[in-house]
Amino acid sequence: VQLQASGGGLVEAGGSLRLSCACSGRTFSSYVMGWFRQAPGKEREFVAAVNWSGGGTYYADSVKGRFTIARDNAKNTVYLQLNSLKPEDTAVYYCAAGGAITRATKAYDYWGQGTQVTVSS
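To start, this report covers the structure provided alongside it. (Residues numbered from 1 in each chain as written. Predicted model: local features only at pLDDT ≥ 70, side-chain atom pairs only at ≥ 80, totals over all residues. Heavy atoms only, no water.)

The next point concerns the overall build of the protein. Scanning the protein from N- to C-terminus turns up 0 helices and 11 strands. Going from N to C terminus, the protein has its helices and strands arranged as β-β-β-β-β-β-β-β-β-β-β. Scaling as 2.2 N^0.38, a compact globule of 121 residues should have a C-alpha radius of gyration of about 14 Å, and the protein matches this with 13 Å. In terms of overall dimensions, the protein has C-alpha extents of about 40 × 25 × 25 Å along its principal axes. The 121 residues of the protein split such that 42% are buried. Counting only contacts in the protein whose residues sit at least 6 apart along the sequence, the fraction spanning at least 24 positions is 57%. (Helix = DSSP H or I, 4+ residues; strand = E, 2+ residues; numbered from the N terminus. Rg over C-alpha atoms; globule rule 2.2 N^0.38 Å. Buried < 20%, exposed > 50% of the residue type's maximum accessible area, 1.4 Å probe, protein only. Contact = heavy atoms within 4.5 Å.)

See below:
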C-alpha cells in the first residue's frame, strides 16, 4: 500500500483547503483511513479518521466542526476538508491507513509522505 498526499498550501486565517490522499492497491476499502499532523518541534497528533465504508468518522476536539474527513472507495482516495483555518493549524499533514478507527499513531500501518499546510494570520 502506498499513500500520496496532496493539496496543501499557504492560506490566510479563515480560509479553506482540501487535502487528498490517493492510495495504490486494491485493498483501500479494507482500511480505516486517518489524517495526522505535525507542527515544528511538536509530536505528530491525530486529526481525523474514517471507517471502511465512510459512514463512521472520528475527530480531534481541536478540529471538530471545522474539518471534514471523507473517502471515495471507487477512487481509492480519502479527503480532508479544512475550513475556518487558524494559524495553529499550520503543520505537515499526513494520511495513514490502518485497521482500527483510533487516534493512536501506532495503529496505522502505512503512511503518506505529508503535505504542508501553512495558515497566515
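After presenting the structure, the write-up continues.
In this model, Asn 76 sits at a positive phi of 50°, which is unusual for a non-glycine residue. Its location among the elements puts Asn 76 in the loop between strand S7 (67-72) and strand S8 (77-82). Judged by its relative accessible area of 21%, Asn 76 falls in the partly exposed class. Not every positive phi belongs to a glycine, and Ser 84 is a case in point at roughly 50°.

Counting residues in each nonpolar core, the largest one holds 35 residues, and the members touching the most others are Trp 35, Leu 80 and Tyr 93. Secondary-structure elements contributing two or more residues to this core are strand S1 (3-6), strand S3 (17-23), strand S4 (32-38), strand S5 (45-50), S7, S8, strand S9 (91-98) and strand S11 (115-120). Contact partners of Tyr 93, with chain neighbours within four places excluded, come to Leu 19, Trp 35, Phe 36, Arg 37, Val 47, Phe 67, Leu 80, Leu 82, Gly 114, Thr 115 and Val 117. (Core = buried A, V, L, I, M, F, W, Y, C linked by side-chain atoms within 4.5 Å.)

Turning our attention to the sheet that holds S3. If you trace the 4 strands from one edge of the open sheet to the other, you get S1-S3-S8-S7, paired in antiparallel fashion. Lying at the two open borders of the sheet, with one neighbouring strand each, are S1 and S7. When strand polarity is set aside, the average angle formed by the axes of neighbouring strands in this sheet is 15°. Both S7 and S8 contribute to a ladder of 6 bridges, which runs antiparallel. (Pairing = 2+ DSSP bridges. Axes fitted to C-alpha atoms, helices over the stretch in contact; angles between N-to-C directions.)

By the definition in use, this model includes 1 disulfide. The disulfide partner of Cys 21 is Cys 95, and the S-S distance across this bridge is 2.1 Å. The sign of the 60° torsion about the S-S bond sets the Cys 21-Cys 95 disulfide as right-handed. Placement of the pair is Cys 21 in strand S3 and Cys 95 in strand S9, with a sequence separation of 74 residues. One exposure class covers both Cys 21 and Cys 95, and it is buried. (Disulfide = S-S within 2.5 Å.)

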